Amino acid sequence: MFYDRLTLRRFLLQEYRTHGVEKDLVFLLEDIATACREISFAIRNGAFFGTLGSAASKNVQGETQKELDIFANDQFVSHIRNCSRVAALVSEEVEEVIWLKDSPAAGDYIVYFDPLDGSSNLDVNLSVGSIFSIVQLPEAIEAGDVASVLRPGTEQICAGYSIYGPATTLVITLGHGVHEFVNHLGTGEFRIVSGHMKVAEESAEFSINASRFGDWDAPVRRYIEECLEGEAGPRRKRFGMRWSGSMVVDIHRILTRGGVFLYPEDRDNRATGGKLRLLYEANPMGFLIEQAGGIASTGRARILEVQPTSIHQRTPVVLGSRSEVLRIEDHHTQMD
Ligand code: AHM
Ligand code: MG
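Residues numbered from 1 in each chain as written. Chains lettered and ligands numbered in written order. Predicted model: local features only at pLDDT ≥ 70, side-chain atom pairs only at ≥ 80, totals over all residues.

### Here we look at the overall build of the chain
In terms of regular secondary structure, the chain is built from eight helices and 15 strands. Taken over the C-alpha trace, the chain has a radius of gyration of 19 Å; the compact-globule value for 336 residues is 20 Å, and the two agree within 12%. When its C-alpha atoms are laid out on the principal axes, the chain stretches across 55 × 50 × 45 Å. Within the chain, the fraction of its 336 residues that count as buried is 46%. Contacts spanning at least 24 positions in sequence make up 64% of the contacts within the chain whose residues lie at least 6 apart. (Helix = DSSP H or I, 4+ residues; strand = E, 2+ residues; numbered from the N terminus. Rg over C-alpha atoms; globule rule 2.2 N^0.38 Å. Buried ≥ 20, exposed ≤ 12 C-beta atoms within 10 Å, placed from the backbone. Contact = placed C-beta atoms within 7 Å.)

### Some remarks on the nonpolar core
Formed by 91 residues in total, the largest nonpolar core has its most connected members in Val-90, Ile-110, Val-111, Leu-288 and Leu-319. Among the elements that make up this core, the one with the highest residue count is helix α2 (residues 23–44) (nine residues). For Leu-319, the residues in contact, after removing those within four places along its chain, are Ile-251, Ile-254, Phe-261, Met-285, Gly-286, Ile-289, Gly-294 and Ala-296. (Core = buried A, V, L, I, M, F, W, Y, C linked by C-beta atoms within 7 Å.)

### A closer look at unusual backbone geometry
Despite not being glycine, Asn-125 shows a phi value in the positive range, around 60 degrees. With respect to the helices and strands, Asn-125 occurs in the loop between β5 (109–117) and β6 (128–136). On the basis of neighbour counts, which here come to 10 C-beta atoms within 10 Å, the residue Asn-125 falls in the exposed class. The phi angle at Arg-236 is positive, at roughly 55 degrees, despite the residue not being glycine. Relative to the assigned elements, Arg-236 resides in the loop between α5 (218–228) and β12 (240–241). In this structure Arg-236 comes out as exposed when scored by C-beta crowding, with 9 C-beta atoms within 10 Å.

### Some words on the UniProt feature "binding site: Mg(2+) 1" (unreviewed entry) in the chain
Mapped onto this structure's residue numbering, the UniProt feature "binding site: Mg(2+) 1" (unreviewed entry) falls at Glu-92, Asp-114 and Leu-116. The greatest C-alpha distance among the residues just named is 8.8 Å, despite their covering 25 residues of sequence, which places them together in space. Within the secondary structure, Glu-92 sits in the loop between β3 (86–91) and β4 (98–99). Secondary-structure assignment places Leu-116 in strand β5. Ignoring anything within four residues of it in the chain, the contact list for Leu-116 reads Ile-39, Leu-68, Asp-69, Ala-72, Val-128 and Ser-130. (UniProt positions renumbered as here; feature names shortened; annotations may be inferred.)

### Details of the environment of Glu-229
Checked against the element boundaries, Glu-229 lands in the loop between α5 and β12. For Glu-229, a count of 14 C-beta atoms within 10 Å gives the class partly exposed. In this structure the C-alpha to C-alpha distance between Glu-229 and Ser-207, which are 22 residues apart in sequence, comes to 16 Å.

### Points about the site of ligand 1
In the vicinity of ligand 1 there are 11 residues, among which Asp-117, Gly-118, Asn-209, Ser-246 and Met-247 approach most closely. Residues of the shell around ligand 1, tallied by class, amount to two nonpolar, five polar and four charged. (Near = placed C-beta within 6 Å. Nonpolar A, V, L, I, M, F, W, Y, C, P; charged D, E, K, R; others polar.)

### As for the sheet that holds strand β11 (residues 205–207)
The strand order across the open sheet built from five strands is β12-β11-β13-β15-β14, with neighbouring strands paired in mixed fashion. Two strands in the sheet have a free side with no partner beyond their single neighbour: β12 and β14 (295–297). For β11 and β12, the ladder comprises two bridges, and the chain directions are parallel. By the bridge assignment for β12, Glu-205 is matched with Gly-240. Contacts from helix α7 (residues 278–291) reach β14 and β15 (317–320), with the element oriented near 25 degrees to β15. (Pairing = 2+ DSSP bridges. Axes fitted to C-alpha atoms, helices over the stretch in contact; angles between N-to-C directions.)

### Some remarks on helix α6 (residues 247–257)
Here α6 lies mainly inside the structure; eight of its 11 residues are buried. Along α6, the residues that are buried comprise Met-247, Val-248, Val-249, Asp-250, Ile-251, His-252, Ile-254 and Leu-255. At the C-terminal side of α6, Gly-258 shows a positive phi close to 85 degrees.

### Notes on the sheet that holds β3
The strand order across the open sheet formed by eight strands is β4-β3-β5-β6-β7-β8-β9-β10, and the pairing between neighbours is mixed. Unpaired on one side and paired on the other, β4 and β10 (190–194) mark the two borders of the sheet. In terms of strand pairing, strand β8 (residues 168–173) meets strand β9 (residues 178–183) through five bridges, oriented antiparallel. Each bridged residue has a counterpart across the sheet, and for Ile-172 the counterpart in β9 is His-179. Across the sheet, α6 touches β5, β6, β7 (156–164), β8 and β9, and the angle it forms with β7 is around 105 degrees.

Right, here's the structure in full:
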C-alpha cells in the first residue's frame, strides 16, 4: 500500500539513526531529489517549450548540449548549493571544478554528477536519467586545487541515479545496500518500492552497443560471440540482448533482473580510454552494483580503485552479474 511505504525522508532519518549518516547529507540528498523532480517535470513538458533539441553550445567532451542538459545542470548546481558542507562540484556539463567553499574542511563533501545521461534519447521520448556520486574529504584542502578532487571511487559515501521514464525513480546507496524510490504523482513524495536490491549472480542477458563489434578487442569479441552461439556454444544457453542508449536504464535493468553492461575501450575510442566518464558515470554505477552484490570492472581491474588523473577522465566499463563479469575478466587475463 502507498501509505505503508517509507518516504525518502523517513528512510534517510533511519539511516541517520542506525548508521550515523550525517544530517547535512540527509538534507543534501533531499535537495538532489528536488532537482530530479524539477528535471523530470521539465522533460515531460519539453515538447511544448522546444527544449528537447540542441542548444548552440558544446560541452567539454565536444558533444552538442541539449537545452535540457544545461537546465538539468543548473538545477543540480542551484539545489546542491543549499548545503553549506559541499566544497566543490564536478559536472559532465562544466569544464572546470565548481568551487563552493573558500576553505574546504575535513568532512566536507564533493559531489560529482552527470545531470542528464543518455540525452540523445530525448528527441524520441525514451528514458534518460541523472547520476551522482558523493565523497567526503578526509582532510582540509585548498580551494582551486584540482588534484584534491581526483579521488578514487572507494572514497564514495553515497551514489545514486534518477530515471525519467514511465515513472520517475531514485535509486541510492549510502553504503548499506541499494534502495529504490518512486516519485508519487500528486504528493510529490519519493516512496520506497525496493529495499536491498540484489544483482542476480548469473544471467543470460547482455547490454552492449553491438554496432561497434568490428572495433572491439579480442576478449570482448570472444565473450559476445560465445553469448551469440547460444545453446550450441560453450555457454550452453540462449542469451538476450538489450541496449537502451542510456546507461541509467541499462544499469537499472541489471539491478532489477541481472545481466551485464559493457562499454569497453575499442579501436575507435582508444585515444580517450573509452566512452564513459569515471567520476560521474562509472564510479557511482560501480558503487551501486557492488552494493547490490555485483562486480564493477574495467575488464582488468576494479573500477572503484582506479586513481583518477583528470576530472573528465574516461574508462572502460563492465558492470553486472558476478559470473559474467568474472568471465569477461578471465578472457582479458588469458588473451592480453
Ligand atoms: P552522455 O553522457 O553523453 O549521454 O553519454 C553516455 C551514454 C550512456 O548513457 C550510454 O550507455 C552510452 O552513452 C550510449 O552510447 P552509444 O551512443 O554508443 O549508444
Ligand atoms: Mg552521461
